[in-house]
Amino acid sequence: MDVLDILEQLHQDETYKVWKTSHEDSFLAHIFKMLDDLNQDDFQIGFYNQDDTITTFLISPGGIKKTFSDGIFKVPGAKIQNLDEHRIKVSMAEALAKAEKFQSERHEALIPIKIMAILQNTEDFGQIYNITYISPSLDTFNMKIDAATGEMLKNHSSSLIGQEGKGSDVND
C-alpha cells in the first residue's frame, strides 16, 4: 500500500475523524516508514498541532491507532510545513526504488541494516522523500527525492558516531 492509499484509509477511520473535529487547525506534517522486518507494513502519519506538538497515527495491518501527542524535534526557529497530499505525484515505492538504484551505483559499499523514509515538506527542498540508509558501522547515506518529480535533489553521507561525510547537490 502506498502513501495516498494510507491517507485515504486514515481519512475514513472514526478515531481520526473524531480527533480531527477537535483539531481543525492541525495539518499533515509527515509520513514515516521504517523498512525492516518488524515494521515493514506500518506507517506513521504525523499531524502538526498549534501547540507545537505532533499527533501521530500508527497504521498497521491490525488497524489504526492514535498515539499520544508529543513535542517535536526541529531546528530552533524552523517552521513545520504543511504536507499537501494533492501534490504527491511520486509513490513511496518509486522513491525507494530510485534511492536503492542510486545507492547501489554510487555507494555500493554501504550495506544498509535500516532504511527510513520520511515524506515531508521542508523549507529548503519543498515536498520530498527524505530517505536514510544506516549501515552496521553506523554510517549513513541520506537522499532527498522530490515528491512531485522524482528528481534526486541532494545526497549526503555521514557517520552517526561523529565523522562528517560528503554530499552532493547535483541531480545524479
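Before any of the text, the structure's been laid out above.
S.K.: Is there a simple way to explain the packing of aromatic side chains in this structure?
M.R.: Any aromatic ring pair is given by two values, namely how distant the centres are and how the planes are angled relative to each other. What the rule picks out here adds up to 8 aromatic pairs. Aromatic side chains Tyr16 and Trp19 sit 6.1 Å apart centroid to centroid with 40° between the ring planes, which places their arrangement in the tilted category. Taken as a pair, Tyr16 and Trp19 lie in helix H2 (residues 14-21) at a separation of 3 residues, close to a single helical turn. You'll find Tyr16 and Trp19 in the same group, each marked buried. Judged by centre distance (5.9 Å) and plane angle (90°), the rings of Phe47 and Phe57 are edge-to-face. Taken together, the residues Phe47 in strand S2 (residues 43-49) and Phe57 in strand S3 (residues 53-60) connect sequence positions 10 residues apart. Owing to a relative accessible area of 3%, Phe47 belongs among the buried residues under this scheme. Connected via pairs of aromatic rings, a cluster forms that spans Tyr16, Trp19, Phe47 and Phe57.

The rules behind the values
- Residues numbered from 1 in each chain as written.
- Predicted model: local features only at pLDDT ≥ 70, side-chain atom pairs only at ≥ 80, totals over all residues.
- Heavy atoms only, no water.
- Phe/Tyr/Trp six-rings, centres within 6.5 Å; stacked < 30°, edge-to-face > 60°.
- Helix = DSSP H or I, 4+ residues; strand = E, 2+ residues; numbered from the N terminus.
- Buried < 20%, exposed > 50% of the residue type's maximum accessible area, 1.4 Å probe, protein only.

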